[in-house]
Structure formats: C-alpha cells, structure tokens
Amino acid sequence: MKIAIIGAGNLGLSIAKGVLHSNGATTMYLTKRNLDEIKNFEKYGNVTVTSDNREAVKHSDILIFAVQPGHFQAILEQVKDLLTEKHVVISTITGFSISKMEETIGSDKYIIRSMPNTAISVSNSMTCICSNELGKKRIDLAKAIFNRMGHSLEIPEEQMQAATVICASGIAFWMRLIRATTQGAIQLGFDAKEAQELAMHTCNGAANLLIESGTHPEEEIDRVTTPKGCTIEGLNEMEHQGLSSSLIRGIVTSFEKISQIRKG
Ligand SMILES: NC(=O)C1=CN([C@@H]2O[C@H](COP(=O)(O)OP(=O)(O)OC[C@H]3O[C@@H](n4cnc5c(N)ncnc54)[C@H](O)[C@@H]3O)[C@@H](O)[C@H]2O)C=CC1
Ligand SMILES: O=C(O)[C@@H]1CCC=N1
C-alpha cells in the first residue's frame, strides 16, 4: 500500500503514526508547507517528507487529505490532473461534502469521506466512512485500512456531522471525564500519576466489557451496584447533579455548532 497524507498536522500526523504502528504501508508520503516539525519521520525508511503535494500524489495510491477545510479546495485543484484510476481519495475534512469534491475532481474518481479521531495514532480510532457512487467499489479497502487502526463503520453521508461530534470531538469529551475521575481519585488520596492510571484503565475496562460481551451499559451497572451500597449512592448523586443530561446537552450543542460552521 502506497499512502500519502496531505496535510501532516494534528490529525494527519496521528494517522501517520497509526500507519507506522500497524505496519500499514509500503511507502508513505507526508506533506506540509513547513517541514521542520515532521522531518524526524524520515528516520522510518519508507517515509518521504515533502511540501510538494503533486510529488506525493504521483508516488501514492491511497491519498488521505487532512488539511483545514479552507485549504482543501485549492489543494484538490492543484493535484486533480494527476488523479487516475489507481487513486483512492480519502478526505477527513469536516463539513466538506462528497458532491463538492466531485465538482472539483469529477465523479469518476474513487472518493471516500471519513471521520477518524486522534486515537488513530495508537491504532484505536473509531472511524466513520461513506463514499461516492464509484467509491463503493473501494469501501472495503477503506474499511480494511481504518480497521488496521481501530474500528470502522460505514454510515450515510447525512450522519457525518453527527459522527464528527461523537467520534472526533468525543476524544475531548472522554478525556475530560477521565481527568475529572483522576481529580476525584487524588482527593481520595492517590498521587496524580496513580490516580490517572486508575482512571484511564478503568475507563478502558468499561469500554472493553461492552465491546467484548455485547452487553448494555445498564446491565453492567446492575452488576456493580450493591443494594444500599456505595456505587448507587455515588451514581445517583452524579445524576442529581446532571451527569447524563450535561453530556447529552454538550453533544447537541457541539452538533448545533458544526451545523452553523457548515452553513457559514
Ligand atoms: N483534530 C481532529 O481530531 C480531527 C480533525 N479532522 C479534520 O481534519 C482536518 C485537519 O485537522 P487538524 O489536523 O486538526 O488541522 P491542522 O491545522 O493541525 O493540520 C492541517 C495541516 O495541513 C497543513 N497544510 C496547510 N496547507 C497545506 C498545503 N497546501 N499542502 C500541504 N499541507 C498543508 C498545515 O501546515 C497543517 O500542518 C480538518 O479539516 C479537521 O476538520 C477530522 C477529524 C478529527
Ligand atoms: O473541533 C473541531 O471543530 C474539529 C472537528 C472535529 C475535531 N476537531
């Protein structure tokens, strides 16, 4: 697999790390205007770092675009004459529709729109994907690429904005929950390092319980909550303080914002 990551910023570099972590490419091109911050990736023998997007496109088959939405159109214009049937164009750009991409590069290209998250750097991203009509022929390939770096789900394009909030912004939401749990653990007497260790591994365990067993969260909660015990007492206090409600409201507020950005 010859992969190019066009726009090696926060997300692009996370994807690059995920590709390296999962041995997912024979060659990888990383592009950015200023190369200083990514030069060190050349220590991996199969990685080329360049500010020339056209060179990266020429030498690659899978093109993953991870630039800011305002830069995407111009970059597509810059490389469109190089695109052939060997290329699969994968966009990670928030709010940039497949039809807008087709207007620039044509509907005769394999186009995948994706929404990964930064946990892709440790091969643990939840990535939602959809495609144009022709891209359906490459959707299994796209799934295989993202499944090496976590878990993927094909969704209708209309749900892409909602997926952005749950999966991409979701990393920030879960981080804040882990941080708050850590602060609670410190108050109970653990030092900061231990407190974070307890919080993050318990979080990981909770998610894995659901992933491995296929159970519903309330079923797992029932197993932990001893009648008249400490868990139900703490849980009910969290709900009196609005835990579930504040999470749901935060998610809906993020979604409203992303819809505004798209209109703007
Ligand atoms: N950060 C995240 O968790 C997620 C971000 N996204 C989307 O991914 C895209 C990138 O986001 P970030 O990585 O956070 O942004 P970023 O600003 O960190 O990265 C964009 C990179 O593109 C580079 N760039 C700009 N013009 C270029 C050009 N002409 N050629 C090559 N590279 C160029 C910039 O130097 C920068 O390094 C955005 O569209 C965002 O909506 C999607 C999912 C998650
Ligand atoms: O915060 C944002 O708007 C972008 C989209 C998802 C992650 N970062």
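What you are looking at is a predicted structure, and each value in this text was computed from that prediction instead of being measured.

1. Some words on the site of ligand 2
Part 1 of the argument: Inspection of the region around ligand 2 gives T94, T164 and A168 as its neighbouring residues.
Part 2 of the argument: Its free accessible area being 250 Å², ligand 2 has 43% of it covered by the protein chains.

2. Description of the domain arrangement of the protein
Part 1 of the argument: Splitting the protein by domain gives domain 1 (2-155) and domain 2 (164-263).
Part 2 of the argument: Across the contact, 10 residues belong to domain 1 and 6 residues belong to domain 2.
Part 3 of the argument: When domain 1 packs against domain 2, the two sides together hide about 610 Å² of surface, and 70% of this comes from carbon and sulfur.
Part 4 of the argument: For domain 1, the biggest contributors to the area lost against domain 2 are T94, M115 and N117; these three give 51% of the whole.
Part 5 of the argument: In the side of domain 1 that touches domain 2, the residues fall into 5 nonpolar, 5 polar and no charged.

3. A short note on the UniProt feature "binding site: NADP(+)" (unreviewed entry) in the protein
Part 1 of the argument: Mapped onto this structure's residue numbering, the UniProt feature "binding site: NADP(+)" (unreviewed entry) falls at I6, G7, A8, G9, N10, L11, A66, V67, Q68 and P69. A maximum C-alpha distance of 14.0 Å is found for the annotated residues, which run over 64 residues; spatially they form one tight group.
Part 2 of the argument: Of note, G7 is situated in the loop between β1 (2-6) and α1 (10-21).
Part 3 of the argument: G7 gets classed as buried once you look at its relative accessible area, which sits at 12%.
Part 4 of the argument: Setting aside anything within four residues of it in sequence, one finds G7 in contact with G12, T31, A66 and V67.
Part 5 of the argument: By relative accessible area, which is 1% here, A8 ends up buried.
Part 6 of the argument: Beyond its immediate sequence surroundings of up to four residues, A8 is in contact with L13, L30, T31, K32 and I38.

4. A closer look at unusual backbone geometry
Part 1 of the argument: If you check the backbone angles, N23 has positive phi at about 50° while not being a glycine.
Part 2 of the argument: Structurally, the position occupied by N23 is in the loop between α1 and β2 (27-31).
Part 3 of the argument: Non-glycine residue K228 carries a positive phi angle of around 65°.

5. Concerning the environment of N23
Part 1 of the argument: Overall, N23 belongs to the exposed group, its relative accessible area being 65%.
Part 2 of the argument: Placed 126 residues apart in sequence, N23 and M149 show a C-alpha to C-alpha distance of 9.9 Å.

6. Structural notes on the packing of helix α6 (residues 160-187) against helix α10 (residues 243-263)
Two quantities define a packed helix pair, namely the angle between the axes and the distance from one axis to the other.
Part 1 of the argument: The geometry of α6 relative to α10 is characterised by a closest axis approach of 10 Å and an angle of 135° between their N-to-C directions. It follows from the interaxial angle that α6 and α10 lie oblique. Handedness of the crossing formed by α6 with α10: right-handed. Residues Q161, A162, T164, V165, I166, F173 and L177 of α6 touch α10, and the partners they reach there are L243, L247, I251, S254, F255, I258, S259 and R262.
Part 2 of the argument: Here the residues of the contact of α6 with α10 are counted per class, giving 10 nonpolar, 4 polar and 1 charged.

7. Quick notes on the sheet that holds strand β5 (residues 88-91)
Part 1 of the argument: Strand order in this open sheet of 8 strands is β3-β2-β1-β4-β5-β6-β7-β8, and the pairing throughout is mixed. On the outer flanks of this sheet lie β3 (47-50) and β8 (150-154), each paired with one strand and no other. Neighbouring strand axes in the sheet, compared pairwise and without regard to direction, differ in orientation by 20° on average.
Part 2 of the argument: With 5 bridges joining them, β1 and β2 adopt parallel strand pairing. Pairing of K2 across the sheet is with T27, part of β2.
Part 3 of the argument: Each of β4 (62-65), β5, β6 (110-115), β7 (125-131) and β8 touches helix α5 (residues 139-147); the most contacted strand, β8, lies at about 155° to it.

8. Quick notes on the site of ligand 1
Part 1 of the argument: With respect to spatial proximity, 22 residues lie near ligand 1, and among them N10, L11, V67, Q68 and T94 are the closest.
Part 2 of the argument: With respect to ligand 1, the backbone of N10 contributes an N or O atom lying 2.9 Å from an oxygen atom.
Part 3 of the argument: Between a nitrogen atom of ligand 1 and a side-chain N or O atom of N53, the distance comes to 3.0 Å.
Part 4 of the argument: Considering ligand 1 on its own, with 820 Å² of exposed area, one finds that the protein chains cover 81% of that surface.
Part 5 of the argument: For the shell around ligand 1, the elements supplying multiple residues, two or more each, are α1 and α3 (69-79).
Part 6 of the argument: With 3 residues, α3 is the single largest residue contributor to the shell around ligand 1.
Part 7 of the argument: Of the residues contributing to the shell around ligand 1, the split by class is 10 nonpolar, 10 polar and 2 charged.

About the cut-offs
- Residues numbered from 1 in each chain as written.
- Chains lettered and ligands numbered in written order.
- Predicted model: local features only at pLDDT ≥ 70, side-chain atom pairs only at ≥ 80, totals over all residues.
- Heavy atoms only, no water.
- Near = heavy atom within 4 Å.
- Areas by Shrake-Rupley, 256 points an atom, 1.4 Å probe, with all protein chains shown as cover.
- Domains from an automatic or database assignment.
- Contact = heavy atoms within 4.5 Å.
- Buried area = accessible area lost by both parts, 1.4 Å probe.
- Nonpolar A, V, L, I, M, F, W, Y, C, P; charged D, E, K, R; others polar.
- UniProt positions renumbered as here; feature names shortened; annotations may be inferred.
- Helix = DSSP H or I, 4+ residues; strand = E, 2+ residues; numbered from the N terminus.
- Buried < 20%, exposed > 50% of the residue type's maximum accessible area, 1.4 Å probe, protein only.
- Axes fitted to C-alpha atoms, helices over the stretch in contact; angles between N-to-C directions.
- Parallel < 35°, antiparallel > 145°, perpendicular 65-115°, else oblique.
- Left-handed = near helix turned anticlockwise from the far one by under 90°.
- Pairing = 2+ DSSP bridges.
- Polar contact = N/O pair within 3.5 Å; in protein donor to acceptor, adjacent residues only side chain to side chain.

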